[in-house]
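Descriptive structure summary
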Amino acid sequence: MRILVQKFGGTSLSSDEARQLVIGHIDRERQRQYGLVVVVSAMGRKGDPYATDTLLSLIRNHGDSLPAKERDMLQGCGEIISAALLCSLLRASGIAAIALTGGGAGIITDNQYGRARIIEIRSEAIHKALEDGQVVIVTGFQGVTEAGDITTLGRGGSDTSATALGAALRAERVDIYTDVNGILTADPRIVKDARPLSVISYAEIGNMARQGAKVIHPRAVEIAQQARIPLRVRSTFSQEEGTLVTDTFDAAAKASAVRDRHVTGVAHVSGVTQITVQAQDGHTDVQLQVFQAMARHQISVDFINVNPGGAVYTVFDHDADKAVSVLHDIGYAPRAVSGCAKISVIGGGMNGVPGIMARIVEALTEQGIPILQSADSNTTIWVLVSENYMAGALQALHSKFSLHE
């Protein structure tokens, strides 16, 4: 049996109109003789009745003392409601369907509540339902421990559920449906001439996801890449094909989409603070002291540059005061610059190509945008700028590398 996994996000299920479009996408693939496994998120977003953040606000507003295991019981409710509702709608439309929880679908995890990792998938129940001709609806974002306790997989967990099921079932493809038509070269809310990409590699989309693009979770990309299962990111609200994520390009795709590009897109993360720490006289272990202190206080660090005289790194703005206080406590006088944005220039073809950094500097200098810090890898170059310059920097870089063409 040819198996296709479809994942529908919260906006795809948030209204009667959207749910009818979901049914249309499911029925279209049924007509193509796929066995369908449909992974669903909780309906809507924060403020909507069954969204995960809305459910969690019940606890925050009523004591906020729920243990992690019981919190996962609550967090999993939104997906269960989505699965039951979609199952009812499909059956009312004459489409045989069954709804399974993550545990019912055989998703077994460790017991790290709120951020569980999948250990294995026991797919017998799914295979039986597919053999019976049913569309199998699975609650995303959740699994169970060996003891049967509900767990959740962390942010982006429904994407992870979909690709993990795709890998376990040896699906032909995993389709991720969202509210945008595929992967774009930049955030279209900021860069008006951002364009959709027809084909992109796992490495490129993985980097874009890690650097701020929110279309798909990086854990999901990693699972798909390891299993060599193509992903397609597409819109629930369109019949267009969206973006194919794969490392296997046919000749036509290479000619029309890849074009041996050096830069694929630009991404951003805002709301970060740059911290600079200088070594005290006679101290040679500044980096060790600084990063051990950050780790002890559970402060996530990023964009790290170290040198014999000190260290420069970033933390999220909401951790900045705590980070500065910790550094003062161990005898340092850090300099903190809040309200920064990390801009990422991403492309699988930039490795070993001279002149990429020069063009980045040129683009920002032309717009009078100071670079506070930079770093690079073989597929990404990062620059830190003031958040006030973020939109201008993204547009300037997008134009400099002709990503609109």
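Predicted, not measured: the structure shown is a model, and the values here were computed from it.

**What about the confidence of the model for the protein?**
The predicted model of the protein averages 91 in pLDDT, with 96% of residues at 70 or higher. Here residues 250-259 is modelled with pLDDT under 50, and outside its nearest four sequence neighbours on either side it reaches nine contacts, counting other chains as well.

**Thoughts on the packing of aromatic side chains**
Under the defined criterion, the tally for this structure stands at two aromatic pairs. Summarising the aromatic geometry, the rings of Phe8 and Tyr177 are spaced 4.5 Å apart at their centres and angled 20° between planes, so their arrangement reads as stacked. Note that Phe8 is positioned in strand S1 (residues 3-8) and Tyr177 in strand S9 (residues 173-178), a separation of 169 residues in sequence. For the pair formed by Phe8 and Tyr177, the shared burial category is buried. Seen from the ring of Tyr34, Arg2 lies directly overhead, with NZ or CZ sitting 4.1 Å from the centre.

**Considerations on the state of the cysteines**
Taken as a whole, this structure holds zero disulfides when the rule is applied. The thiol sulfur of Cys87 is not disulfide-bonded, and the nearest other cysteine sulfur, from Cys77, lies at 18 Å. According to the relative accessible area criterion, Cys87 is buried, its value standing at 12%.

**Considering the sheet that holds strand S12 (residues 243-245)**
If you walk across this open sheet you meet the eight strands as S3-S6-S2-S1-S9-S11-S12-S10, and the pairing is mixed. Whereas interior strands pair on both sides, the edge strands pair on one side only; in this sheet they are strand S3 (97-100) and strand S10 (199-200). Looking at chain direction, strand S2 (residues 35-40) and strand S6 (residues 135-139) are connected through four bridges and run parallel. What sits directly across from Val37, in S6, is Val136.

Rules behind the numbers
Residues numbered from 1 in each chain as written. Predicted model: local features only at pLDDT ≥ 70, side-chain atom pairs only at ≥ 80, totals over all residues. Heavy atoms only, no water. pLDDT = per-residue confidence, 0-100. Contact = heavy atoms within 4.5 Å. Phe/Tyr/Trp six-rings, centres within 6.5 Å; stacked < 30°, edge-to-face > 60°. Helix = DSSP H or I, 4+ residues; strand = E, 2+ residues; numbered from the N terminus. Buried < 20%, exposed > 50% of the residue type's maximum accessible area, 1.4 Å probe, protein only. Lys NZ or Arg CZ within 6 Å of the ring centre and 35° of its normal. Disulfide = S-S within 2.5 Å. Pairing = 2+ DSSP bridges.

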